[in-house]
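Next come the chains, spelled out residue by residue.
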Amino acid sequence: MLKLPGLIDPHVHMREPGAAHKEDWNTGTSAALAGGVTLVLAMPNTRPPIFDPTTLDLALAVAKQKACCDYAQFLGAGADNTAWNAHPEIPARAAGLKMYLDQTFGELRLDSMTIWQKHFKTWPKHLPIVTHSESRSMAAVILMAAIYDRPVHIAHISLKEEVLVIKAAKERGIKVTCEVCPHHLFLSKDDIPAISQGHPGRGEVRPRLATKEDVDALWANLDVIDCFATDHAPHTLAEKDGDNPPPGFPGLETALPLLLTAVSEGRLTINDVLSRMVTNPRRIFNLPEQPETWVEVDEDAAYEIRAADMHSRCGWTPFEGWQVKGRVRNVVLRGQKAYRDGKILVEVGYGKNVRE
Ligand code: DOR
Ligand code: ZN
């Protein structure tokens, strides 16, 4: 049995408040534990979106009641909530500020660079800013980080041009970090027909699955990539297969098995995984260590990924039928047995807000 520290996923969508039929804080954090993740950072594109003290309280109240693993909640950047310096106690209660600068699921997109600038000016420098910014908006956001001389973390990069611009920006000393999702490392647009099974909505995700050349460039530049984050974005199969399918893939329960399989194939080392799922996210997002917390993995267990075995409420995975090697057997969280062989052992509400 391989013993690992509890993993950190800095990018998940818990869907509560507002869309608990896709996922709620209980099912989402159960999926986290089943995937060896003991700390999640939740995105703010819920209904209502989380963007002020009232909505933050709303999300944190549900999380407190229902979370099985530890967590923190992002605030979303809007057109009006730009005066963070007037209320410094609010940013400190959040995982960080999430800025949606390109179109995706939810209503939080910001088009005006004038608004971006206000957030960059007023959000405290020692607290994280994370952006959903693809291609040229990513380059624009890196310029903002340079202008205001503050860190920015780029969510889910997927393109060769993105990883190369980040590499060049880091070489210049700009304070930029980034994450990649397993689905952008293990899938390309060539896989869409197999994922779709005749339902094109199942292949929809933002950023979109990219070309083989993009995927190869991410693998070739792993040293530029600071974190692996799932962007766990559950939508039900009925929604994915209906009209106007929402973009998003679940990912919490498949990330570690996929990465351990890559380790067993010699494409990664276990230290590559641990730096990107423990030490780097802890540093970038300023997260506390979780005492007496670990994950036991049977690294030789070979099996097939099946949505039917999962805890997420969404009921499907783009990796259905994949052969993987490496199974999470036990999770201990702050001294308590939290998960064992498919069963959640902590009571609902055991999870702690790490910003409290
Ligand atoms: O595919 C995506 N789904 N990308 C995002 O940025 C948002 C997410 C969601 O919330 O469903
Ligand atoms: Zn996301």
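Here goes a summary of the coordinates provided. Along each chain, numbering runs from 1 in the same order as the chain's sequence is written. Whichever chain is written first becomes A and whichever ligand is written first becomes 1, with later ones labelled in order. Local features are withheld for residues below a pLDDT of 70 in this predicted model, meaning they are given only at 70 or higher, and side-chain atom pairs are given and counted only at 80 or more; totals for whole chains, interfaces and linings count all residues. Excluding hydrogens and water, the side-chain figures rest on all heavy atoms present in the structure.

Let's shift gears to the site of ligand 1. Nearness here has a simple test: a residue counts as near a molecule or strand if at least one of its heavy atoms is within 4 Å of that partner. By nearness alone, 14 residues border ligand 1, and Arg15, Asn45, Thr104, Arg206 and His235 come closest of all. Here a polar contact means two N or O atoms within 3.5 Å. Within protein one must be a hydrogen donor candidate and the other an acceptor candidate, and residues neighboring in sequence count only if both atoms are side-chain atoms. Side-chain polar atom of threonine 104 to an oxygen atom of ligand 1: 2.9 Å apart, as the coordinates give it. Within the backbone of glycine 248, an N or O atom sits 3.2 Å from an oxygen atom of ligand 1. Starting from 290 Å² of accessible surface for ligand 1 in isolation, the protein chains cover 100%. Residue polarity is assigned by list, with Asp, Glu, Lys and Arg as charged and Ala, Val, Leu, Ile, Met, Phe, Trp, Tyr, Cys and Pro as nonpolar; anything else, Gly included, falls into the polar class. Looking at the shell around ligand 1 residue by residue, the class counts come to four nonpolar, seven polar and three charged. Only the protein chains shown count as covering a residue, and every accessible area follows the Shrake-Rupley method with a 1.4 Å probe.

The description of two packed helices rests on the angle between their axes and on the distance between the axes. The angle between two axes is taken between their N-to-C directions and runs from 0 to 180 degrees, where each axis is a line fitted to C-alpha atoms and a helix contributes only its stretch in contact. Put simply, DSSP H or I for four residues or longer makes a helix, DSSP E for two residues or longer makes a strand, and each gets a number counted from the N terminus. Between helix α1 (residues 25-34) and helix α2 (residues 53-66), whose axes approach to 9 Å, the crossing angle comes to 60°. Relative to α2, the element α1 is oriented oblique. The interaxial crossing formed by α1 with α2 has right-handed handedness. Contacts from Trp25, Asn26 and Thr29 in α1 reach Ala59, Val62, Ala63 and Lys66 in α2. Throughout this description, any angle smaller than 35 degrees is read as roughly parallel, any larger than 145 degrees as roughly antiparallel, any in the 65 to 115 degree range as roughly perpendicular, and the remainder as oblique. Two helices that cross are described as forming a left-handed crossing if the nearer one is turned anticlockwise from the farther one by less than a right angle, and a right-handed crossing if clockwise. What makes two residues a contact is simply this: any of their non-hydrogen atoms within 4.5 Å.

For the rest of this paragraph, the subject is the nonpolar core. Definition used in this section: a nonpolar core is a set of buried Ala, Val, Leu, Ile, Met, Phe, Trp, Tyr and Cys residues joined via side-chain atoms within 4.5 Å. Burial classes follow relative accessibility: with a 1.4 Å probe on protein chains only, a residue under 20% of its type's maximum area counts as buried, one over 50% as exposed, and anything between as partly exposed. Counting residues in each nonpolar core, the largest one holds 94 residues, and the members touching the most others are Val40, Leu75, Met99, Ile154, Ile157, Ile166 and Ile225. Counting residues per element, this core draws most heavily on helix α4 (residues 136-148), at seven residues. The next biggest cluster of nonpolar side chains, apart from the first, holds 16 residues, and it includes Ile8, Leu41, Leu108 and Ala155.

The working definition used for a salt bridge is a side-chain nitrogen of Lys or Arg within 4 Å of a carboxyl oxygen of Asp or Glu. What the rule picks out here adds up to 19 salt bridges. The salt bridge involving arginine 109 is made with aspartate 111; its shortest N-O contact spans 2.7 Å. Between arginine 282 and glutamate 289 there is a salt bridge; the shortest N-O distance is 3.9 Å. A residue is classified by how much of its surface remains accessible, and glutamate 289, at 62% relative accessible area, is exposed. Shared partners join several salt bridges into a network, and the residues in it are Glu16, Asp24, Lys66 and Arg313.

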